[in-house]
Amino acid sequence: MASAESSHWNLWAETLNREALDALHMRRLKLVLEYAYARSAFYKEYWQRVGFHPDSIQNLEDFKTRVPLTDKSDFLQFQEDFPPYGKTLAVGEFDVAHHAETSGSTGIPLRIPFTDYDTERYGESWVYGWWALGIRPTDSFYFAFNWGNYAGFWSAYWGVRRLGAKVYSGGGQTTEDHVRNILRLKPTVLLSTPSFALRILEAAQNLGIDLSTSSIQYTYHAGEPGPCSLSSVRRKLDAGFGAISGELLGIAEVDAVAPGCRIRQGVHMSEMSNFSWSMGADGQEVAEGTIGENVVTTYANSAQPLINYRTHDLVRAFNLPVCGCGCTWRYLDGVVLGRSDYMITVKGTNVYPSAVENLISDVSGVSPHFQLILSRRGAFDDLLIRFEPDLQVPRDKWEGVGAEVIRRIKEVVGVRLGAEVAEPGSLPRTELKAKRIVDLRGDEFRRELDRQQGGQP
Amino acid sequence: MSAVKAEQITKLELLYHEAVELRATMETPAIARCLGIVIENLHWALWLQGVEEGFVPLGLSEPNLPNPGTGRS
């Protein structure tokens, strides 16, 4: 009998040992390879061109080393040449049930086709994280989200339907309306980007409303670093809503790839829907616990299969999880630590802005509202940190907070960066992803790691 | 695998194939769509227990070829 008391959404799947998971992946990866070869003109032509055939894969090592890598740029190019999806579509247009797009935060939006079945599988990945946190079918979800083409929270909607819980749509509302709707509708779960949840808290404060006594028992976030990535964000959300906050790592075109661990120091790859491994800058797999790029093959997109797909997310992954929560799925400690395609060199030191972002958020007195301004100074990249101090920090202490930010980054990253204090409330707030990284450099100074590696077509 | 789970899986597999066969004979779009959803859910139920039959449910259309077999309209 199904029970809300069950410790896991799918106990069998979430506690399989590594040997069993790998055996399952091996069988499924062969299915995906055969499927893509038979149905996707993109994969067939690409693989034939580089001399690869799915029959040559006998084990996971073969898969990681022989299956050509793919990248978002491949798909973007085909979509531009043959709109809307190019040769990457593996089903008839008839079976494309939902069209979404990436947020375009790193360039042109990517078009993402989903079959009806894909949406069901995509939604499922959210549920593991919700269930682990304590969310059940009796809960009700308030979506502080405008229902555009952005895939992220559409997939959360599919997840809520999958869980069997209630949906409250917050589309087309002002921030203040969200506050009033929470009080009026009494949802138990708030879904939004972390920065927008913080903005809702600010709006409530301005209205003289304390949301820590509202009906919200859980807040859940995606789209940017949240409670499992940044401890300061976790503390503020938990305290502000009087609730438990959680985070999911999603990659719009792939899946809700990694729902949050209940310990909230990282996330677990959703292994019923994805296979992943970590790649070093040399294209080889890195050792357990070593930072590398997360390379993902999804089982959740049959309309546009993504195989050995470079996410450019730098992760510290453990195939044998170290979090202690009991879930055996691959664990990403700290979620995403940086971007392989967004490394800059400041004063001769390689710096990942996302890693700096993580460090800043942990400095006491820094609010979640800050920006990293990238510019070019002579032959070198430069990075300036502009931050709003926490409201409770008195003005005469702001300089000290800035000095601590500089000291902390120098200590960990090894380079002295500039820091500038901004007036509270002066930096831009958004409903979707907070635009924390502002790149003022010309395109010619933006580096991408080893784009030519791995047999790109 | 326990005897109970083995029996559950056998029944799910039977339901899946019965639903696929039934949909192939169904002329009413509304009913074909109901069966399409059932087939997807049964395929997923098997996948979530590691005993799936293929990567996708039977009846998915080929690229650039119309296929009313899935019941979508």
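Criteria and cut-off values
- The written sequence of each chain sets the order in which its residues are numbered from 1.
- In the order they appear in the text, chains get letters beginning with A and ligands get numbers beginning with 1.
- Restriction of local features to residues with pLDDT of at least 70 applies here, the model being predicted, together with a cutoff of 80 or more for giving and counting side-chain atom pairs; totals for whole chains, interfaces and linings are based on all residues.
- Side-chain calculation: all heavy atoms of the structure are included, whereas hydrogens and water are not.
- A residue's pLDDT is simply how confident the predictor is in it, with values from 0 to 100.
- The contact rule is simple, with two residues in contact once any of their heavy atoms fall within 4.5 Å.
- Only one rule defines a salt bridge in this text: a Lys or Arg side-chain nitrogen within 4 Å of an Asp or Glu carboxyl oxygen.
- Each helix corresponds to a stretch of at least 4 residues labelled H or I by DSSP, and each strand to a stretch of at least 2 residues labelled E; elements are numbered beginning at the N terminus.
- With a 1.4 Å probe rolled over the protein chains alone, any residue whose accessible area is under 20% of its type maximum counts as buried; one over 50% counts as exposed, and the rest are partly exposed.
- Here, strands pair whenever DSSP counts at least two bridges between them.
- For a helix, the expected span equals 1.5 Å multiplied by the number of residues minus one.
- Any pair of Phe, Tyr and Trp rings, taking the six-membered ring for Trp, is counted once the centres come within 6.5 Å. Such a pair is stacked with planes under 30 degrees apart, edge-to-face with planes over 60 apart, and tilted for the rest.

A. Representation of the confidence of the model for chain B. All names here are of chain B. In this model, chain B carries a mean pLDDT of 88, and residues with pLDDT of at least 70 account for 88%. The low-confidence segment residues 65-73, where pLDDT is below 50, has 26 contacts with residues more than four positions distant or belonging to other chains. What the predictor reports for the complex is a pTM of 0.82 with an ipTM of 0.88.

B. Representation of the pattern of salt bridges. Tallied over the entire structure, the rule returns 23 salt bridges over all chains. Note that R18(A) and D22(A) form a salt bridge whose closest N and O atoms lie 3.1 Å from each other. Pair noted here: R18(A) and D22(A) are both in helix α2 (residues 18-39), with a separation of four residues, about one helical turn. In this structure D22(A) comes out as partly exposed when scored by relative accessible area, which is 24%. R28(A) serves as the salt-bridge partner of E52(B), at 2.8 Å between the closest nitrogen and oxygen. Of this pair, E52(B) sits in the segment after α2 (29-47) while R28(A) sits in helix α2, which puts the two residues in different chains. The class for E52(B) is buried, based on a relative accessible area of 9%.

C. Highlighting the pairing of strand β9 (residues 255-258) of chain A. Pairing geometry for strand β8 (residues 249-251) of chain A and β9(A), over two bridges, is antiparallel. Among the inter-strand pairings, I251(A) is bridged to a residue of β9(A), identified as D255(A).

D. Examining α2(B) more closely. Spanning 19 residues, α2(B) covers 27 Å between terminal C-alpha atoms, matching the ideal 27 Å at 1.5 Å per step. The complete set of buried residues in α2(B) reads A32(B), L35(B), G36(B), I39(B), E40(B), L42(B), H43(B), W44(B), L46(B) and W47(B). Turning to α2(B), the residues buried within the fold contact α2, α6 (116-133) and α7 (151-163) of chain A together with α1 (3-25) of chain B.

E. How the structure looks around the packing of aromatic side chains. All names here are of chain A. Under the counting rule described, the total for this entry stands at 31 aromatic pairs over all chains. Plain terms: the ring middles of Y122 and W158 are 5.9 Å apart, the flat faces sit at 70° to each other, and that makes the pair edge-to-face. Separated by 36 residues along the polypeptide, Y122 in helix α6 and W158 in helix α7 bring together distant segments of the chain. The pair Y122 / W158 is uniform in exposure class, with both members buried. Note on W130 and Y220: the rings are 6.2 Å apart at their centroids and 85° apart in plane angle, and the pair reads as edge-to-face. Remark: Y220 occurs in strand β6 (residues 218-221) and W130 occurs in helix α6; sequence separation between them is 90 residues. For Y220, a relative accessible area of 1% gives the class buried. Of the aromatic side chains, those joined through ring pairs into one cluster are W126, W130, F141, F143, F145, W147, Y150, F153, W154, Y157 and Y220.

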